[in-house]
Amino acid sequence: QWPEDGEIIPHGNIKPSNIMLDEKEEPLISEYGIAKFLVSNKARFFNSSSYAAPEKRLTEQADVYSFGVILLELLTWKFAEMQKNGLDLPKWVKAKVREEWTGEVFDKEIEKFEMYGFSLLNISLMCVSELPGDRPSISEVLQKIQEVVTAQEDISSSSTNSVESI
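This text gives an overview of the structure that appears in the document. (Residues numbered from 1 in each chain as written. Predicted model: local features only at pLDDT ≥ 70, side-chain atom pairs only at ≥ 80, totals over all residues. Heavy atoms only, no water.)

### Some thoughts on the overall build of the protein chain
Step number 1: Within the protein chain, the regular secondary structure consists of 4 helices and 2 strands.
Step number 2: Here the protein chain, with 166 residues, has 34% of them falling under the buried criterion.
Step number 3: Partitioning the contacts of the protein chain with sequence separation of at least 6, the portion at a separation of at least 24 is 55%.
Step number 4: When the accessible area of the protein chain is evaluated, it comes to approximately 10800 Å², of which 54% is carbon and sulfur surface. (Helix = DSSP H or I, 4+ residues; strand = E, 2+ residues; numbered from the N terminus. Buried < 20%, exposed > 50% of the residue type's maximum accessible area, 1.4 Å probe, protein only. Contact = heavy atoms within 4.5 Å. Areas by Shrake-Rupley, 256 points an atom, 1.4 Å probe, with all protein chains shown as cover.)

### Notes on the packing of aromatic side chains
Step number 1: Enumeration over the complete set of coordinates arrives at 2 aromatic pairs.
Step number 2: On the numbers, 5.0 Å between centres and 85° between planes, the contact of Phe106 with Phe118 is edge-to-face. Pair noted here: Phe106 is in the loop between helix 2 (89–98) and helix 3 (114–127) and Phe118 is in helix 3, with a separation of 12 residues, a long-range link.
Step number 3: Relative accessible area serves as the criterion here: at 13%, Phe106 is assigned to the buried category.
Step number 4: Here Lys78 stacks its cationic end above the ring of Trp92, 4.9 Å away from the centre of that ring. (Phe/Tyr/Trp six-rings, centres within 6.5 Å; stacked < 30°, edge-to-face > 60°. Lys NZ or Arg CZ within 6 Å of the ring centre and 35° of its normal.)

### Quick look at the environment of Pro10
Step number 1: Inspection of the secondary structure puts Pro10 in the segment before strand 1 (19–21).
Step number 2: For Pro10 and Ala62, which are 52 residues apart along the polypeptide, the C-alpha to C-alpha distance reads 8.1 Å.

Given below as structure tokens:
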């Protein structure tokens, strides 16, 4: 829930263990609002290092970066905090994309949902941009994800209708 005055309060610790699902499978974010009580947005950045933005600041853009890492985890099934070999997940994915091995980044289970995969990968890569100013706002991320889902629903609906008309 957004504050009524429109002020955006950064979370500062977006990671999978702070995201839960309710009985309707709607996400619930724990620890939201704690950042409001920190003395300075530079003094204490408490985000876990695997999900922290390179600039290590408490901002909406840093939260977007963290969300992008989580989205990459879902697409690749590689977990940022569990990489004992020090794999930097955003850098690994960007290297695969640069080498034109984009299909290699996806987990095998994602192949079932490939119609979403490349679009969601593009969104996640925007989120994990090195420069905060190059990242979309969280509302833009939500809008882009909704557009992907709507486009796929439209495609599924139209292909079902064309099959039924045969």
